[in-house]
Amino acid sequence: QVQLVESGGGSEQPGGSMRLSCEASGRTPSSYAMGWYRRAPGKDREFVATIRGDGSAPYYGHTVQGRVTISRDNAKKTVYLQITSLKADDTAVYYCVMGDDSKWPFVEYDYWGPGTQVTVSS
């Protein structure tokens, strides 16, 4: 069993930056991709970013391309999401996800964290 717990969310002003973290526990094979989705109020979940188990091939959703960076530290069993130039539209619950990357780039994320709230307002 794998458990994911996000942290680092909170409130920030437009133009600011935030760094989210997700720590995994339980069985965490290195071959598993990890990533982030988000869900804004009244909207469906949206893909944000993903990265392979060895830290290669970071990939980003087109709505955040150029403003986010995903990375991971396998020794700490943690994946990070750095967001810069925050916009009001970035307000959402951000979810950490994990899935088998053996069929990359086609990944089904079987594990989800409970989410962390990010609020961007002036």
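Here the structure is a predicted model, which means the values were calculated and not measured.

**Q** Before we go on, may I ask you to explain the nonpolar core in this structure?
**A** Nonpolar side chains in soluble globular proteins generally cluster together in the buried interior. Leu4, Met34, Trp36, Ile70, Val79, Leu81 and Tyr94 are the most contacted members of the largest nonpolar core, which totals 26 residues. Breaking this core down by element, the ones donating at least two residues are strand 1 (2-7), strand 3 (18-26), strand 4 (32-39), strand 5 (45-51), strand 7 (68-73), strand 8 (78-83), strand 9 (92-100) and strand 11 (116-120). Filtering out sequence-adjacent residues up to four positions away, Val79 remains in contact with Leu20, Ser21, Cys22, Met34, Trp36, Ile51, Ile70, Ser71, Arg72 and Cys96. Counting five residues, the second-largest nonpolar core is a separate cluster that includes Ala33, Tyr37, Val107 and Tyr109.

**Q** Looking at this structure, how should I read the packing of aromatic side chains?
**A** Scanning the entire structure with this criterion turns up five aromatic pairs. Relative to Phe47, the ring of Tyr37 has its centre 5.6 Å away and its plane inclined at 75°; by these criteria the two rings are edge-to-face. With Tyr37 in strand 4 and Phe47 in strand 5, this pair connects stretches of sequence that are ten residues apart. What makes Phe47 partly exposed here is its relative accessible area of 22%. A centroid spacing of 5.9 Å and a plane angle of 70° characterise the contact between Tyr37 and Tyr109, whose relative ring orientation is edge-to-face.

**Q** Just to check I follow, could you spell out the pairing of strand 8 for this structure?
**A** Within a regular strand, the side chains alternate between the two sheet faces. Burial analysis of strand 8 places five of its six residues in the buried class, which makes it a mostly covered element. Where strand 7 and strand 8 come together, six bridges link them in antiparallel fashion. Directly across from Ile70, in strand 8, lies its bridge partner Leu81. Turn length for the strand 7-strand 8 hairpin, with the two strands adjacent in sequence and antiparallel, is four residues, and the turn residue Lys77 shows positive phi of about 55°.

**Q** I'm lost on unusual backbone geometry in this one. Help?
**A** Most peptide bonds take the trans configuration, and most residues that are not glycine carry a negative phi. Residue Lys77 is not a glycine yet carries a positive backbone phi of 55°. Along the chain, the position of Lys77 falls in the loop between strand 7 and strand 8. Under the relative-accessibility criterion, Lys77 is labelled partly exposed at 36%. The phi angle at Ser85 is positive, at roughly 50°, despite the residue not being glycine. For Ser85, the position within the fold is in the loop between strand 8 and strand 9. Ser85 gets classed as partly exposed once you look at its relative accessible area, which sits at 40%.

**Q** What am I meant to see in the pattern of salt bridges here?
**A** Close approach of charged atoms allows side chains of opposite charge to pair. In the structure shown here, the tally under the stated rule is four salt bridges. Measuring nitrogen to oxygen at the nearest pair gives 2.8 Å for the salt bridge that ties Arg38 to Glu46. Arg38 gets classed as buried once you look at its relative accessible area, which sits at 7%. Looking at Glu46, the relative accessible area reads 27%, which means it is partly exposed. Residue Arg67 pairs with Asp90 through a salt bridge whose shortest N-O separation is 2.9 Å. Taken together, the residues Arg67 in the loop between strand 6 (59-60) and strand 7 and Asp90 in the loop between strand 8 and strand 9 connect sequence positions 23 residues apart. On the basis of relative accessible area, Asp90 is assigned to the buried category, the value being 2%. Through salt bridges with shared partners, a single network forms among Arg38, Glu46, Arg67 and Asp90.

Here is what the cut-offs are and how they apply
- Residues numbered from 1 in each chain as written.
- Predicted model: local features only at pLDDT ≥ 70, side-chain atom pairs only at ≥ 80, totals over all residues.
- Heavy atoms only, no water.
- Core = buried A, V, L, I, M, F, W, Y, C linked by side-chain atoms within 4.5 Å.
- Buried < 20%, exposed > 50% of the residue type's maximum accessible area, 1.4 Å probe, protein only.
- Helix = DSSP H or I, 4+ residues; strand = E, 2+ residues; numbered from the N terminus.
- Contact = heavy atoms within 4.5 Å.
- Phe/Tyr/Trp six-rings, centres within 6.5 Å; stacked < 30°, edge-to-face > 60°.
- Pairing = 2+ DSSP bridges.
- Salt bridge = Lys/Arg side-chain N within 4 Å of Asp/Glu carboxyl O.

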